[in-house]
Amino acid sequence: MRLQFALVVASSFLCWDGTAVAQAVGQYPFALTREGQMLGAVEGEVASFKGLAYAAAPVGALRWRPPQATAENPEMRTAYEYGAPCLQPSLPDTSEDCLTLNVFRPFGVDGPLPVMVFIHDGGFVGGTANDPLFDGAKLAQAGLIVVTLNYRVGALGWLAHPALSEGGSGNYGLMDQIAALHWVHDNIAAFGGDPSNVTLFGGGAGATSIALLMLCAQSRDLFQKAILQSLPGRARLRPVQEAEAMGRQFVAALGQEADFRVAAPARLLAAEQKLLAKSERSFTPAMDGILVREDVATGFAAGHESRIPLMIGSNDDETRFDGEREIKETLASSGESSDELRQLYPDVTRPSERAARFYTDKVFSEPVRLLARLHAATGAPTFRYRFAYVTEARRTNPDEGHGRELQFIFGAEGVPGAGPLTWGDREVATRMRGYWINFAKTGDPNGPDLPHWDAAADRDRLLLITNDRIASGDDPWSDRLDRLASESRK
């Protein structure tokens, strides 16, 4: 594959009425957005535009404030490199100036094309769209526009505090995601995309974000389909009072009573890490009464979510437990005796595996089934899956399953987090990607050469993706999940 770059004389394109316009510049990708003129790169059959700012840098006076619009710029800008990941302790070279997104599109294909927008995981305290695992080229080759975005994480993304009440306190990461969706709505036509055919997809914290966006009046008109991967659907969100109490602890850990908008980034990270060492839920979305009014399960039970086509599922082994303390805490929190847990998992002998199975079912499998049932009851097309495939190279020693499906959807190989694939692995990846692509195009994952995927409808049908086959069927875990559901209602 060849990488092509070019600079184009900007004065040729200054006649512009402010509308996002797609234009070809010889053999190089060019897009005239509302913010200015962007020149991308082409690799093989895919054009990419990286590091595009969808909001002003949230620094200085804009730290802990809703995202603001970027200024127009008449100069031609190249979009060859990813922007910096948002500030976090787990990655190098991070920055507060991080509200950027990346666009991948098939080169030389006319639009309007369906759009897929990916929201990354990271437990709301880490992660980045710049991960090589999330390269959108394979999806774009199928005739799609793929957008991946960065949003504020950790304290900068989710801090709630009475001193930050203007424009809403906390949930800045969710505000960023909404700002990015507005950018897509206003500009994606410049890249050949169809702003009326947008599908959101993501796992973990990304899936939670999408579910909240489905429940949010400020975002519901900005996308038409959703894919929720490994969503902890019964997780309780923090009341704003609890979030603000955590915010006060953060300010105390920061060690200064003055305006904390001027604190150095390193000092912010140090204070954040102190709180995260005590609780992994120190910085997550909170019910602010503006963007977030209810828990996900509560909102779906009330039918408050957007009644749009939905794909939803989880993996059959979302976690691994190695530490004795984690195992004991999980088993103790189960509400079941040792004998009852053995009855739930009769084929499991090791306590660590039993704890992991219980955690997967309690946090992911049963809540995903609940949300699928609730959404299907609204009459919206709903498709549930469970991903149980392990690459051939890892079957004797599987890794943690959370996020394992992403390599198959993006088709990544040879990058961190994505090992090599065999011919058989690639066949499964092609089918998985086919379902995701079909759903983004039409709202139905089914298509030629794919095993039929039954809609959830009124039954517990789901698509099972295992080492042996891909097929729709009744959920073999129904009895076990019924028991867990009854415990959740107590």
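Above this text you will find the structure in question.
All values reported here derive from a predicted model rather than from experimental measurement. (Residues numbered from 1 in each chain as written. Predicted model: local features only at pLDDT ≥ 70, side-chain atom pairs only at ≥ 80, totals over all residues. Heavy atoms only, no water.)

## Concerning the overall build of the protein chain
So, step 1. Tallying secondary structure elements over the protein chain gives 13 helices and 18 strands in all.
So, step 2. For 490 residues, the compact-globule formula gives about 23 Å, and the C-alpha radius of gyration of the protein chain, at 23 Å, lands near that figure.
So, step 3. Overall, the protein chain is about 75 × 60 × 40 Å in size when its C-alpha atoms are taken along their principal axes.
So, step 4. Considering the protein chain as a whole, with its 490 residues, one finds that 56% of them fall into the buried category.
So, step 5. For the protein chain, contacts bridging at least 24 residues in sequence account for 73% of all contacts bridging at least 6.
So, step 6. Accessible area of the protein chain: about 20200 Å², with a carbon and sulfur share of 51%. (Helix = DSSP H or I, 4+ residues; strand = E, 2+ residues; numbered from the N terminus. Rg over C-alpha atoms; globule rule 2.2 N^0.38 Å. Buried < 20%, exposed > 50% of the residue type's maximum accessible area, 1.4 Å probe, protein only. Contact = heavy atoms within 4.5 Å. Areas by Shrake-Rupley, 256 points an atom, 1.4 Å probe, with all protein chains shown as cover.)

## Section: the environment of Lys362
So, step 1. Its location among the elements puts Lys362 in helix α10 (residues 351–377).
So, step 2. Distance in space between the C-alpha atoms of Lys362 and Glu400 is 16 Å, their sequence separation being 38 residues.
So, step 3. Once residues lying within four places of it in the same chain are set aside, the contact partners of Lys362 are Pro367, Leu484, Glu487 and Ser488.

## Some words on the packing of aromatic side chains
Working definition: an aromatic ring pair is given by the centre-to-centre distance plus the angle between the planes.
So, step 1. Scanning the entire structure with this criterion turns up 18 aromatic pairs.
So, step 2. Seen from their ring centres, Phe118 and Phe134 are 4.7 Å apart, and the 50° between their planes marks the pair as tilted. With Phe118 in strand β9 (residues 113–119) and Phe134 in the loop between β9 and α1 (137–140), this residue pair connects regions lying 16 residues apart in the sequence.
So, step 3. For Phe118, a relative accessible area of 1% puts it in the buried group.
So, step 4. Among the aromatic residues, those joined into a cluster by ring pairs are Phe383, Tyr385, Tyr435, Trp436 and Trp453.
So, step 5. Just above the ring of Trp64 sits the side chain of Arg63; from NZ or CZ to the centre is 5.7 Å. (Phe/Tyr/Trp six-rings, centres within 6.5 Å; stacked < 30°, edge-to-face > 60°. Lys NZ or Arg CZ within 6 Å of the ring centre and 35° of its normal.)

## Things to note about helix α3 (residues 172–187)
So, step 1. Spanning 16 residues, α3 covers 22 Å between terminal C-alpha atoms, matching the ideal 22 Å at 1.5 Å per step.
So, step 2. Within α3, 13 of the 16 residues are buried, which leaves the element mostly enclosed by the surrounding structure. (Expected span 1.5 Å × (residues − 1).)

## What about the pairing of strand β11 (residues 193–203)?
For a regular strand, side chains alternate in direction, first toward one face of the sheet and then toward the other.
So, step 1. The element β11 is extensively covered by neighbouring structure, given that nine of its eleven residues are classed as buried.
So, step 2. Bridge analysis of β9 against β11 gives five bridges, and the strand direction is parallel. Along β11, the bridge assignment pairs Leu113 with Gly193.
So, step 3. Taken together, the five bridges between β11 and strand β12 (residues 225–229) define a ladder with parallel strand orientation. Directly across from Thr199, in β12, lies its bridge partner Lys225.
So, step 4. Handedness of the crossover joining β11 and β12 through helix α4 (residues 205–214): right-handed. (Pairing = 2+ DSSP bridges. Right-handed = clockwise from strand over helix to strand, strands pointing away.)

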